[in-house]
Amino acid sequence: LLRLLRRAGCTTVKLGLETTSESTLRAVRRIGPTETAQAYLEKVAEAAAACRAVGIACRLFVMTGLPGQTDDDVAETIRFLRRVRPHAVHVKAFHRYAGLPLPAADLDEERKRGDRQAALLSAEAARLAPSPSLWQRARRWLRRRYAP
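Now for a quick tour of the structure.

Basis of the calculations
Residues numbered from 1 in each chain as written. Predicted model: local features only at pLDDT ≥ 70, side-chain atom pairs only at ≥ 80, totals over all residues. Heavy atoms only, no water. Helix = DSSP H or I, 4+ residues; strand = E, 2+ residues; numbered from the N terminus. Buried < 20%, exposed > 50% of the residue type's maximum accessible area, 1.4 Å probe, protein only. Pairing = 2+ DSSP bridges. Axes fitted to C-alpha atoms, helices over the stretch in contact; angles between N-to-C directions. Contact = heavy atoms within 4.5 Å. Salt bridge = Lys/Arg side-chain N within 4 Å of Asp/Glu carboxyl O.

Let us look at unusual backbone geometry. Phi at Glu 18 is positive, roughly 70°, even though this residue is not glycine. By the element assignment, Glu 18 lies in strand β1 (residues 12-18). The class for Glu 18 is buried, based on a relative accessible area of 16%.

The three strands are arranged β1-β2-β3 in an open sheet whose pairing can be described as parallel. Each edge of the sheet is formed by a strand with only one pairing partner; in this case those strands are β1 and β3 (88-93). Going from strand to strand, the sheet's axes swing by 20° on average, the running direction of each strand aside. Contacts from helix α3 (residues 37-54) reach β1 and β2 (57-64) within the one sheet, and its direction differs from that of β1 by about 160°. Across the sheet, helix α4 (residues 71-84) lies against β1, β2 and β3, angled at about 175° from β2, the strand it touches most.

Opposite charge on two side chains lets them pair, provided their charged atoms get close. Summed over all chains, the structure comprises five salt bridges. Across the pair Arg 30 and Glu 18 runs a salt bridge, and its minimum N-O distance is 3.7 Å. A residue pair is termed long-range when its members are at least 10 positions apart, and Arg 30 in the loop between α2 (22-27) and α3 and Glu 18 in strand β1 qualify at twelve residues. Here Arg 30 falls in the partly exposed class, since its relative accessible area comes to 37%.

Printed below as a string of structure tokens:
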């Protein structure tokens, strides 16, 4: 499938990793009751490696400040990102919306924790997957625009 996507002009695949913490993945219903975080993370790592093998960039999306997420969980996510080495990482602090079925929390404290963790993870992500140069972005744009 990735080879066909590449031939069709696909340049980037975006994957929602969110976090590597099993308890947090369960709390936000990213994995089911019978799944394990390890199996989930291996699928993400395999997808990133497969993208790299066919020349498609892989961008991982990570959230911080999720209910119950600790600084140790963020450190674990950073270790995972170092191992997987995606082309890009997008970090977003979690913000609750009305009606989300999540455990009660001190919203102000949760937001501060999420922003602090996002800053930490963003700094690491910048070292892992530096932004492409202007020249690289221009070449990619031209390739997409004038591909046969």
